[in-house]
Amino acid sequence: MSEVKETKAQRVERLKRAKNAWEHFDEIRQFAREGHASIPPEWLGTYFRSWGVYTQGDGAGVVGGKNGEGKATPFFMVRIRIPNGLLSIQQVRTIADLAERHARGVADITVRQNVQLHWVTIQSLPDVLETLWGVGLSTTGACGDVARNITGCPLAGFDAHEYCDASPLALELNGRLGGNAEFYNLPRKFKVSITGCRSWCTYPEINDVGLTAVTRKRFDGEEIGFSLRVAGGLSTDPHLGVRLNAFVQWKQVVPVVRGVAELFRESEVLRENRERARLKFLFLQHGWTAESFLATLEDRLGFHLEPAGPEELPADIHRDHVGIHPQKQTGLSYVGANVLRGRITPEQLRTAANLSERYADGHLRNTVMQNLLIVNVPSEHSPRVAGELTAAGLPVRASAFARGTVACTGSEFCKLALTETKGFARWLTEELDERLPGFQEQLKLHITGCPNSCGQHWIADIGIEGKKLKVDGRMVDAYYFCVGGSVGEFASIARPVGYRCAASEVPDAIERLLREFSEQRAPGENLRRFFARHSNEQLRAWLAGEFVAAVDRDAAAGPVPLGVEG
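A quick note: this is a predicted structure, and the numbers were derived from the prediction, not measured.

### Let's talk about the nonpolar core
At step 1: In this structure, Trp-43, Phe-48, Trp-51, Ile-95, Leu-117, Leu-125 and Leu-389 are the most contacted members of the largest nonpolar core, which totals 56 residues.
At step 2: A total of six residues in this core trace back to one element, the largest contributor, which is helix α4 (residues 89-102).
At step 3: Excluding residues within four positions of it along the chain, Phe-48 makes contact with Ile-28, Phe-31, Ile-39, Trp-43, Val-53, Phe-76, Ile-122 and Leu-125.
At step 4: Core analysis: the second largest hydrophobic core is formed by 44 residues, Ala-166, Phe-183, Ile-194 and Leu-211 among them.

### Quick word on α4
At step 1: Along its 14 residues, α4 runs 20 Å from first to last C-alpha, staying within 8% of the 20 Å computed at 1.5 Å per residue.
At step 2: Taken together, the buried positions of α4 are Ile-89, Gln-91, Val-92, Thr-94, Ile-95, Ala-96, Leu-98, Ala-99 and His-102.
At step 3: Directly beyond the C-terminal end of α4, a positive phi value near 55 degrees is found at Arg-104.

### Here we look at the sheet that holds strand β4 (residues 107-109)
At step 1: The strand order β1-β2-β5-β4-β14 describes an open sheet built from five strands, whose pairing is antiparallel. Two strands bound the open sheet, and with one partner strand each, they are β1 (53-57) and β14 (343-344).
At step 2: Summarising the sheet, β1 and strand β2 (residues 72-80) pair through four bridges and their orientation is antiparallel. For Gly-57, the partnering residue across the bridge sits in β2 and is Ala-72.
At step 3: α4 contacts β2, β4 and β5 (115-120) of the sheet and is inclined by roughly 20 degrees relative to β5.

### Section: helix α10 (residues 346-359)
Since the α-helix packs 3.6 residues into each turn, any two residues three or four apart lie on the same face.
At step 1: Over its 14 residues, α10 runs 20 Å from end to end, which matches the ideal 20 Å to within 8%, given 1.5 Å per residue.
At step 2: Taken residue by residue, α10 has Pro-346, Gln-348, Leu-349, Ala-352, Ala-353, Leu-355, Ser-356 and Tyr-359 as its buried positions.
At step 3: On its buried face, α10 is in contact with α4, β14, β15 (363-366), β16 (372-378) and α11 (382-391).

### Quick word on the sheet that holds strand β12 (residues 323-326)
At step 1: Taken together, the five strands give an open sheet; going across it, the order is β3-β15-β16-β13-β12, and neighbouring strands pair in antiparallel fashion. Each having just a single partner strand, β3 (86-88) and β12 make up the two edges of the open sheet. On average, adjacent strands in this sheet sit at an angle of 30 degrees to one another, irrespective of strand direction.
At step 2: Pairing of strand β13 (residues 332-337) with β16, which is carried by five bridges, proceeds in the antiparallel orientation. Looking at β16, one finds that Val-335 is bridged to Ile-374.
At step 3: Strands β12, β13 and β16 of the sheet are contacted by α11, whose axis makes an angle of about 15 degrees with β13.

Reading the values: the criteria
- Residues numbered from 1 in each chain as written.
- Predicted model: local features only at pLDDT ≥ 70, side-chain atom pairs only at ≥ 80, totals over all residues.
- Heavy atoms only, no water.
- Core = buried A, V, L, I, M, F, W, Y, C linked by side-chain atoms within 4.5 Å.
- Buried < 20%, exposed > 50% of the residue type's maximum accessible area, 1.4 Å probe, protein only.
- Helix = DSSP H or I, 4+ residues; strand = E, 2+ residues; numbered from the N terminus.
- Contact = heavy atoms within 4.5 Å.
- Expected span 1.5 Å × (residues − 1).
- Pairing = 2+ DSSP bridges.
- Axes fitted to C-alpha atoms, helices over the stretch in contact; angles between N-to-C directions.

If you want it as structure tokens, here you go:
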């Protein structure tokens, strides 16, 4: 009888059952002493991930590798978990020092308020981890089949219009889930956001658990609680979170999130296929509904949640908190700087820390739009702080294109990417600024280097997905266009419109599309409504400059591995 081959899912599940990698820092120390060649495959492919560590690609991305993954180098990406985006100047300076000493000066702010370092060697890894612990930071649970970084509004406690400061709950959830051995072995990643801000800046719609503050009238006044969404996520099967008929009281937040995490952990059907292991697949493939999920959750909790009340869906598109804005504290402002494509240098990090120390109180924040904020700035000093940030290459008043652009890691470091994204994002925004000066419409332009949507192209006005295309006999970077994605009031998954072009032609395509928008828009019409009232055929014609036949997205023939998401 022939031997039955172990599937990828079976192998990963076996390895996770065998060892909680968080309990084996001693092995990481041993690898550092003995060198990269001593690291066994199960650490490189599985165990390092729950430490927030991934092997780094060779710059070619998925091309040249096999089984849907590119070649790895003897270097690592290290993802630093930053709950709610809260940073002190000591932490920022430490990250800058680590980037300079161990990461060739490369640091990236991600779409989950983390910071990623690249080029880290195994010899450096113990020092990186221990240095971070020394300033209250950790990489534990920043990757892997665990509860990822808990995201929250970076202006919690400062936003003049917020419902509440939910950061204490975000930090408590981080402590209860992050690094907790009870949740080291989930079917896949588990993402939680909680916000008290009105703009929903944490994108609750695309999280496994999204909590957004709401108010309801009581006999003795108003009570602040939370709406509850579950099973949001993007990747190759985008799914906006399902709102449950529940008003979650403040004291119920932690048990409710824990309850959802336990349901996810115990869902054996989600452990059968790595590509169908997220919570959303209970809804997409296994017949769950909002009603059945809530009933099952309440059975586990042992109490009923009161019915949901009305909520105000945000119309704001950027949700980025960039610019100079007054805080709720009299006489204080925050200054939000645009970090184009999320890439930031040690010098820029130190500049921001120094400005916070000199003019404010030593607190900084980062955002899911990959930006950086300085809070508690006396309002009379905010123009000077903004000027110095801008001079350091962190503009406070960015163009519509720079402000709205998000880019994933891309083939520069990611083994799953098809295209380079970070340098491309800079070039693309510069091209669009030159071609369409003064363009003012709020625009989200998201760039992702493969189908996994780490750059969140499914919720962008214009989302471009990395492909390869043969031009004059050679393979070049290319992008496939999706349009009309949004969240909040205009929530929808972006529509694939059937147009693909070489990366070098992307500025031409976007310029043509936006010129048509500017000329043909109805009074007061935004991009989302404009795209919604035009067919794929018409949008494709504008992108191409002529009517052309639709092309497929060229999804991979086999299972697509899930990527290194932020």
